[in-house]
Amino acid sequence: MANRLEIGDEEWSVIYPILVGHPSVRVGNQAACREFLTAVLWILRSGGQWRLLPEPLGNWNSVFKRFSRWCERGVWEAVHRGCVHWPDLQAVFMDSTVVRAHACAAGAARSCAGDEALGRSRGGFGTKVHAITDALGNPLDFILTGGQESDIGQAEALLELTPEGAEALGADKGYDSDRFVSAIQGRGMEAVIPPRTNRVEPRGCNWFVYRERHLIECFFGKIKHYRRIFSRFEKLARNYGGFLRFVSALIWLR
């Protein structure tokens, strides 16, 4: 059984070339770079504070600064995108999930809650992850907003992140909007969205495709096994997004 707190050889064989080719990364010692990823994985998986990073995994402050620097320079996003190979575009699925934020996530210097994708909803203080997956539930992209933001408010922005060639888009009733349905059809895709019960002119729905929508819920379940995703501690949205990108890459690799 693979060790869930280590970067396996197969995973490293995919990630390493991505890092070498990134202009903002100096790999240097390959073993040391791999140890850095293992240290970030420990934080991600355990949910522990940076200061509690086990000494054999490196100096916590150095690891944190490097992690944050990679978030700022888009390295984690490059790792995620580099691990996306042959997505199943028979359908894509769209949905969102709310992540509760710890009190320490507030108060980013020279910023505000809205800029850092933090807000208050009925579920409390938190962040909403708006995601889109392929037909197998593998993560393609996501957008972060405050927890109070609506799903439909980010739908067209997520649609723009959908790869060319997708045949259908599945989502729940929260995305039932004439404008959004027209936007989907304008891209040559089938809108697989159940109509709201109060619609004057109900639409049809391809229930055969819609029954696979649970796969995006399974994706949310997978990422919340990582404790640093399940609860947000990062003050900066880009740092929380960095963890999400890393998890997304691991899902593609595993």
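The structure displayed is predicted, hence computed values, not measured ones. (Residues numbered from 1 in each chain as written. Predicted model: local features only at pLDDT ≥ 70, side-chain atom pairs only at ≥ 80, totals over all residues. Heavy atoms only, no water.)

Student: Hey, could you run me through the overall build of the protein chain in this one?
Tutor: The secondary structure content of the protein chain amounts to 10 helices and 7 strands. Relative to the compact-globule value of 18 Å for 254 residues, the protein chain shows a C-alpha radius of gyration of 19 Å, a close match. Counting only C-alpha atoms, the protein chain reaches 65 × 40 × 35 Å along its principal axes. Of all 254 residues assigned to the protein chain, the portion counted as buried reaches 50%. (Helix = DSSP H or I, 4+ residues; strand = E, 2+ residues; numbered from the N terminus. Rg over C-alpha atoms; globule rule 2.2 N^0.38 Å. Buried < 20%, exposed > 50% of the residue type's maximum accessible area, 1.4 Å probe, protein only.)

Student: Looking at this structure, I do not really get the packing of aromatic side chains. What am I missing?
Tutor: Given two aromatic rings, their pairing is described by the distance between the two centres and the angle made by the two planes. Evaluated as defined, the whole model comprises 13 aromatic pairs. Consider the rings of Trp 70 and Trp 76, whose centres lie 5.1 Å apart with planes at 55 degrees: the pair is tilted. Trp 70 sits in the buried class, given a relative accessible area of 3%. The buried category is assigned to Trp 76, whose relative accessible area is 1%. For the pair Tyr 175 and Phe 180, a centre-to-centre distance of 6.3 Å together with 45 degrees between the ring planes defines the contact as tilted. (Phe/Tyr/Trp six-rings, centres within 6.5 Å; stacked < 30°, edge-to-face > 60°.)

Student: Can you help me understand the side chain of Glu 11 in this one?
Tutor: Its location among the elements puts Glu 11 in helix α1 (residues 9-20). Polar side-chain contacts of Glu 11 include one of 2.8 Å to the backbone nitrogen of Gly 8. Other than its neighbours up to four places away in sequence, Glu 11 contacts Glu 6, Leu 250, Leu 253 and Arg 254. (Polar contact = N/O pair within 3.5 Å; in protein donor to acceptor, adjacent residues only side chain to side chain. Contact = heavy atoms within 4.5 Å.)

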